[in-house]
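A closer look at the structure
Here is what each chain is made of, one letter per residue.
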Amino acid sequence: MTVLRKNLIDGEWLGEAGSRNINPSNTNDVVGEYASAGPEEAKQAIAAAKAAFPAWSRSGPLARHAVLKKTSDEIMARKDEIGRSLAREEGKTLAEGVGETIRAAQLFDFFAGETLRLSGEMVPSVRPGVGVEMTREGVGVVGIITPWNFPIAIPAWKIAPALAYGNTIVFKPAELVPESAWTIVDILHRAGLPKGVLNLVMGKGSVVGQAMLDSPDVNAISFTGSVGTGKRVAAASVEHMRKFQLEMGGKNPLVVLDDADLGTAVDCAVNGAYFSTGQRCTASSRLIVTEGIHDRFVDAVKERLDKLVIGDALDAKTQIGPVVDQTQLKQDEDYIAIGRQEGAELAFGGDRLERGTPGFYLQPALFVGSSNAMRISREEIFGPVANVIRVKDYDEALTVANDTPFGLTSGICTTSLKHATHFRRNSEAGMVMVNLPTAGVDFHVPFGGRKGSSYGPREQGRYAMEFYTTVKTAYTFAG
Ligand code: NAD
């Protein structure tokens, strides 16, 4: 029997059954039933967050530390159960689900610590007898809008700093992953947050998300999702003169040079392009490979792909779970067809797979003979699909890597210090990896990109403060 998960508005669990979600590994398995908020609930949640802001913003570090630490401890204690539930709802493997849950616990722990480290500055004024003090304050009501591909880590890396720096929240998770969102809110609520400080409004982006964008009482929006929705967030936020932060798509290059260690390059490519079913904004979807290693690299990647275990996310042996839903599966298959029409050669995979249960299983796909001008090189596919672009040398590799509307992550596999250093300095991406997959980052350092991938201050680590606080400069004449 499924339990109805309700929205949290002003400290009360409210709402009637609105939607059901299913397990992408087994579409006969209903994960849960969820309330679906409309514009009226969004308004109530925003009003509750607005009313709760003055007291929460003045609550002091200890109260915030207590809630964040308790939340981290509970998530960590329940990592296997929550990780399993995440894998069931999103389709990433058990190991990935548990790993992401641990990441959420680490993020709450990090920002619990940050509550005790907030500081300001005091400087003498240019006017004798005057003191100048610079402090940081919470921004107000923060709207948090998240995608489906990291159902617990992305909410955690937004909610934790928002609370740590004294903001109140209206949180709108992606429609496909309400269970993870509900779980994190339930834990925070029970950890002792005062009513109205954190509100959960599950529902459609075009309805409840849009109501958040349209409200003059939302003072800041932190958004992660597609470029199209990000542009809407930007336009609406400018209209209301509010702060906003966007993390969007990627078309991340992994450069493999002739002098690379082949084993390292294959590990980086297979992990970066295909793990989490390729559904990571940091996935390496363009593999840019120099001539001398090209054929050996392609053969070795194909060999590795052939050995990958693709199946039910909840089976401990599975290495690649299903695609998240039918719509994403169709998008992946459409792009595989587009790649072929454009003249790229499908060197491996790309077929739907039958497993013991009805699910959205797709064999990882590898294109070779592709150019950087093709649509499969320019548009985000967001599935287990990557293409190899053959280049002459390092200079051409760098030019191709940077020739993209996106700029989230990039990577290079090389044993040359000269090329690694040059790439780190000249790659037009927010995060650059040397001999590491383009996906997989630390939680205590800034996360974000350039160009069409990101807009606004960085997320995570101490840099998160830039978005979730506003600076006050106070002048005092003491006589
Ligand atoms: P999406 O843009 O469809 O949805 C993201 C969120 O926006 C969801 O909660 C959705 O309900 C909401 N939304 C939709 N329409 C809205 C509207 N009119 N007003 C307000 N909110 C609205 O994205 P998605 O399909 O859930 O996620 C996949 C995308 O997310 C990919 O492009 C991926 O690259 C990106 N992503 C980026 C990062 C990053 O940090 N750069 C991380 C993960 C995912």
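Residues numbered from 1 in each chain as written. Predicted model: local features only at pLDDT ≥ 70, side-chain atom pairs only at ≥ 80, totals over all residues. Heavy atoms only, no water.

Domain assignment breaks the chain into domain 1 (4–248 + 453–477) and domain 2 (253–434). Computed over C-alpha atoms only, the centres of domain 1 and domain 2 are separated by 31 Å. Listed by partner, the interface residues are 25 residues for domain 1 and 28 residues for domain 2. Overall, the association of domain 1 and domain 2 removes approximately 2100 Å² of surface from exposure, summing both partners, and the carbon and sulfur fraction of that is 60%. Taken as a group, Ser-25, Trp-148 and Ser-453 account for 25% of the area that domain 1 buries against domain 2, more than any other trio of residues on that side. At the boundary of domain 1 with domain 2, the tally comes to zero salt bridges. Counting the contacts that link domain 1 with domain 2 gives ten residue pairs in polar contact (both at pLDDT 80 or more). (Domains from an automatic or database assignment. Contact = heavy atoms within 4.5 Å. Buried area = accessible area lost by both parts, 1.4 Å probe. Salt bridge = Lys/Arg side-chain N within 4 Å of Asp/Glu carboxyl O. Polar contact = N/O pair within 3.5 Å; in protein donor to acceptor, adjacent residues only side chain to side chain.)

A cluster of like negative charges, contributed by Asp-258, Asp-259, Glu-291 and Glu-396, occupies part of the molecular surface. Note that Asp-259 resides in the loop between strand E13 (252–256) and helix H9 (262–274). For Asp-259, a relative accessible area of 31% puts it in the partly exposed group. (Patch = residues over 30% accessible without salt bridge, like charges linked within 9 Å, V, L, I, M, F, W, Y side chains within 5 Å. Areas by Shrake-Rupley, 256 points an atom, 1.4 Å probe, with all protein chains shown as cover. Lys, Arg positive; Asp, Glu negative; His and termini not counted. Charge placed at Lys NZ, Arg CZ, Asp CG, Glu CD. Helix = DSSP H or I, 4+ residues; strand = E, 2+ residues; numbered from the N terminus. Buried < 20%, exposed > 50% of the residue type's maximum accessible area, 1.4 Å probe, protein only.)

Summarising the element assignment, Val-434 is placed in strand E20 (residues 431–434). Through-space distance from the C-alpha of Val-434 to that of Val-255 is 9.5 Å; in sequence the pair is 179 residues apart. Here Val-434 is in contact with Ile-412, Ala-420 and Arg-424, once residues within four sequence places are set aside.

Our next topic: the sheet that holds strand E16 (residues 365–370). Reading across the sheet, the seven strands line up as E15-E16-E17-E14-E13-E19-E20 and stay open at both edges, with mixed pairing between neighbours. Whereas interior strands pair on both sides, the edge strands pair on one side only; in this sheet they are strand E15 (345–348) and E20. Strand-to-strand, the axes of this sheet are offset by a mean angle of 25°, without reference to chain direction. Two strands pair when backbone bridges link them, and E16 and strand E17 (residues 385–391) are joined in this way by four bridges, in the parallel orientation. If you follow Ala-365 over to E17, its bridge partner there is Val-385. (Pairing = 2+ DSSP bridges. Axes fitted to C-alpha atoms, helices over the stretch in contact; angles between N-to-C directions.)

Right, let's talk about helix H11 (residues 326–341) for a bit. With 16 residues, H11 extends 22 Å between its outermost C-alpha atoms, agreeing within 8% with the 22 Å of an ideal straight helix rising 1.5 Å per residue. Among all positions in H11, only Gln-328, Leu-329, Asp-332, Tyr-335, Ile-336, Ile-338 and Gly-339 are buried. Buried-residue contacts for H11 involve E15, E16, helix H12 (375–378) and E17. Sitting at the head of H11, Asp-325 places a side-chain oxygen 3.3 Å from the backbone nitrogen of Thr-327. One or two residues past the end of H11 sits Gly-343, with phi positive at roughly 105°. (Expected span 1.5 Å × (residues − 1).)

Attention now goes to the sheet that holds strand E5 (residues 26–35). Spatially, E1-E5-E4 is the arrangement adopted by the three strands of the open sheet, whose pairing is mixed. Of all the strands in the sheet, the pair left with one neighbour each is strand E1 (4–5) and strand E4 (17–23). Across six bridges, E4 lies against E5 in antiparallel orientation. By the bridge assignment for E5, Ser-19 is matched with Tyr-34. Contacting E4 and E5, helix H3 (residues 79–90) crosses the sheet at an angle of about 110° to E5. The strands touched by helix H6 (residues 178–190) are E1, E4 and E5; relative to E5, the strand with the most contacts, the crossing angle is about 40°.

Turning to the packing of aromatic side chains, a few remarks are in order. Summed over the entire model, instances satisfying the criterion amount to eight aromatic pairs. Between Phe-110 and Phe-111 the ring centres are 5.0 Å apart and the planes differ by 85°, which places this aromatic pair in the edge-to-face class. One exposure class covers both Phe-110 and Phe-111, and it is buried. Pairing Phe-111 with Tyr-165 gives two aromatic rings, centres 6.4 Å apart and planes at 80°, and the pair type is edge-to-face. Within this pair, whereas Phe-111 is found in helix H4 (residues 94–115), its partner Tyr-165 is found in the loop between helix H5 (153–164) and strand E9 (168–172), the two being separated by 54 residues in sequence. Its relative accessible area of 0% is what places Phe-111 among the buried residues. Counting every residue linked through ring pairs, the aromatic cluster contains Phe-110, Phe-111, Tyr-165 and Phe-443. Between the NZ or CZ atom of Arg-64 and the centre of the ring of Trp-56, over which it lies, the distance is 6.0 Å. In this structure, Lys-92 packs its charged tip against the face of Phe-150, placed 3.8 Å from the ring centre. (Phe/Tyr/Trp six-rings, centres within 6.5 Å; stacked < 30°, edge-to-face > 60°. Lys NZ or Arg CZ within 6 Å of the ring centre and 35° of its normal.)

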